[in-house]
Amino acid sequence: MKYEFAGDLQAISEEISGLLFPHVKIDKIKCLRSFGTSSKRTIARCHALGKLMQKAMGVNAFYALEFLSERFDKLSEEDQIKTIIHELMHIPFTFGGGFKHHNVVNEKNVNLMYETYLSKKGIQKNKSWW
């Protein structure tokens, strides 16, 4: 696997965090693109520096959001935003190195957060009349 800093995704993540997730310490999150995955269905991952490592290293929590280029870059802009929201939703309010699980971070809740994001940006999604 090859990893590189994703400045474009970092900027979007910072914007989304500012609008939706004020508990996220944006200086303690980095977005990276990975290349060369062998996973079958994964689009993105949220990695955390766990409590034991934090204690051993004498540092606070840190999160890395990994976006698998082979899949993520092919998504529509809407689906990319939803994926970023999904990964940010995994970060708990305590920002302590843990994760929120998929009983909370699910399609329904991601879609609700996406609608909130659009609303806060002043964007109205096209709605069908039927």
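Residues numbered from 1 in each chain as written. Predicted model: local features only at pLDDT ≥ 70, side-chain atom pairs only at ≥ 80, totals over all residues. Heavy atoms only, no water.

A separate point is the layout of surface pockets. The computed volume of the largest pocket comes to approximately 310 Å³. What lines the largest pocket is a set of 13 residues, among which I43, K82, T83, H86 and V110 lie closest to the centre. Contributing elements (two or more residues each) for the lining of the largest pocket: α4 (77-89) and α5 (107-121). Per element, the largest residue contribution to the lining of the largest pocket is 5 residues, and it comes from α4. Partitioning the lining of the largest pocket into residue classes produces 3 nonpolar, 5 polar and 5 charged. (1 Å grid on protein atoms, 1.4 Å probe; cavity = no way out; pocket = protein on both sides within 12 Å on 5 of 7 lines; lining within 4 Å. Points joined across faces, edges and corners; volume = space filled by probe spheres on them. Helix = DSSP H or I, 4+ residues; strand = E, 2+ residues; numbered from the N terminus. Nonpolar A, V, L, I, M, F, W, Y, C, P; charged D, E, K, R; others polar.)

For N109, the position within the fold is in helix α5. Remark: the alpha-carbon pair of N109 and I85, spanning 24 residues in sequence, is separated by 9.8 Å. N109 has contacts with M89 and V104, leaving out every residue within four places of it along the chain. (Contact = heavy atoms within 4.5 Å.)

Moving on, we get to the sheet that holds strand β2 (residues 29-35). Reading across the sheet, the 4 strands line up as β1-β2-β4-β3 and stay open at both edges, with mixed pairing between neighbours. Each edge of the open sheet is held by one strand with a lone partner, namely β1 (2-5) and β3 (44-48). Across the sheet, the mean angle separating the axes of adjacent strands is 30 degrees when strand polarity is ignored. Sheet analysis places β2 next to strand β4 (residues 63-68), joined by 6 bridges and oriented parallel. Across the sheet, L32 pairs through a bridge with E66, a residue of β4. Where helix α1 (residues 7-20) meets the sheet, it contacts β1, β2 and β4, and its direction lies at approximately 140 degrees from that of β2. Packing against the sheet, α4 makes contact with β2, β3 and β4, and its axis sits at approximately 150 degrees to β4. (Pairing = 2+ DSSP bridges. Axes fitted to C-alpha atoms, helices over the stretch in contact; angles between N-to-C directions.)

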